[in-house]
Structures are given as structure tokens and as C-alpha cells.
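Here are the chains, one letter per residue:
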Amino acid sequence: MREIIRKATRAAGIPYFCPHSIRSTLARKFLLQARSPEERKAVSQNLGHENEATTMEHYATLSDDLQREVMLALWQRGETSAQDMELVDLINQVPSESRHVLKAQRRL
């Protein structure tokens, strides 16, 4: 597979990319389109993951900007309380490279 991609990218005049990046791109695309638990599970199973959490951990991470955009859209739909949005605002003030501390606190 790598050799096929290597030849194709060379012929197209574009930089080589590993086969896994195709899988990653498709996973992210379909996860963004998935609107139900069944659709997310189908994406997960299609990737060969027994547990949907594996898929979500490795392919469903959002950039800080996209995370903020999604949270604001939820707020505008009126499904998020003001208290919850205060927490979201506080979390957004923590630099993304330091958010692992918040995850560790959640496990305590």
C-alpha cells in the first residue's frame, strides 16, 4: 500500500503521505457528519474498533477553535445553562496544552 501511494504521489507531484492519514481523514470526515449514536458506532466498527471510545479518543479530537464554535452553537440552541457556559468559558481560558490537568482532575 505504501509503495502504491508513494508512486501515485510522485506521479501527481505532491508530497508522500502515509496510508494511515487516509484512514484518519475519512474517520474525521464521517465523525463530523455522524448525527446519532448508531452512526458513530458504524464509523467505529468500520475502522475495526471494538469500542467506540477508541475511535473517539483517536479521531474525534477537536481544535480549540472548533470546540469553541460547537459549544457556542449549543449555547445558541438554548440547551446549555448559563452556569454550564461559565464553566465552558473557564475551561477555554486554560491553554490547550495544559488541559490534560483538567482531565486528570476529572478522574479523582
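Structure: see above.
Reference entry: report on the structure contained in this document. Here the structure is a predicted model, which means the values were calculated and not measured.

1. A word on the packing of aromatic side chains
Enumeration over the complete set of coordinates arrives at zero aromatic pairs. The ring of Y16 carries R6 above its face, with NZ or CZ at 4.4 Å from the centroid. When the ring centre of F30 is taken as reference, the NZ or CZ atom of K29 above it lies at 5.6 Å.

2. Describing the pattern of salt bridges
Tallied over the full model, the rule gives three salt bridges. Two residues, R6 and E3, come together in a salt bridge whose shortest N-O distance is 3.6 Å. Placement of the pair is R6 and E3 together in helix α1 (residues 2-12), with a separation of three residues, close to one helical turn. Among the residues examined, E3 registers a relative accessible area of 41% and is labelled partly exposed. One salt bridge connects D65 with R68, and the closest N-O pair in it is separated by 3.4 Å. Residue D65 and its partner R68 are both found in helix α5 (residues 64-76); the two are separated by three residues, about one turn of the helix. On the accessibility criterion, R68 (30% relative accessible area) is partly exposed.

Conventions used here
Residues numbered from 1 in each chain as written. Predicted model: local features only at pLDDT ≥ 70, side-chain atom pairs only at ≥ 80, totals over all residues. Heavy atoms only, no water. Phe/Tyr/Trp six-rings, centres within 6.5 Å; stacked < 30°, edge-to-face > 60°. Lys NZ or Arg CZ within 6 Å of the ring centre and 35° of its normal. Salt bridge = Lys/Arg side-chain N within 4 Å of Asp/Glu carboxyl O. Helix = DSSP H or I, 4+ residues; strand = E, 2+ residues; numbered from the N terminus. Buried < 20%, exposed > 50% of the residue type's maximum accessible area, 1.4 Å probe, protein only.

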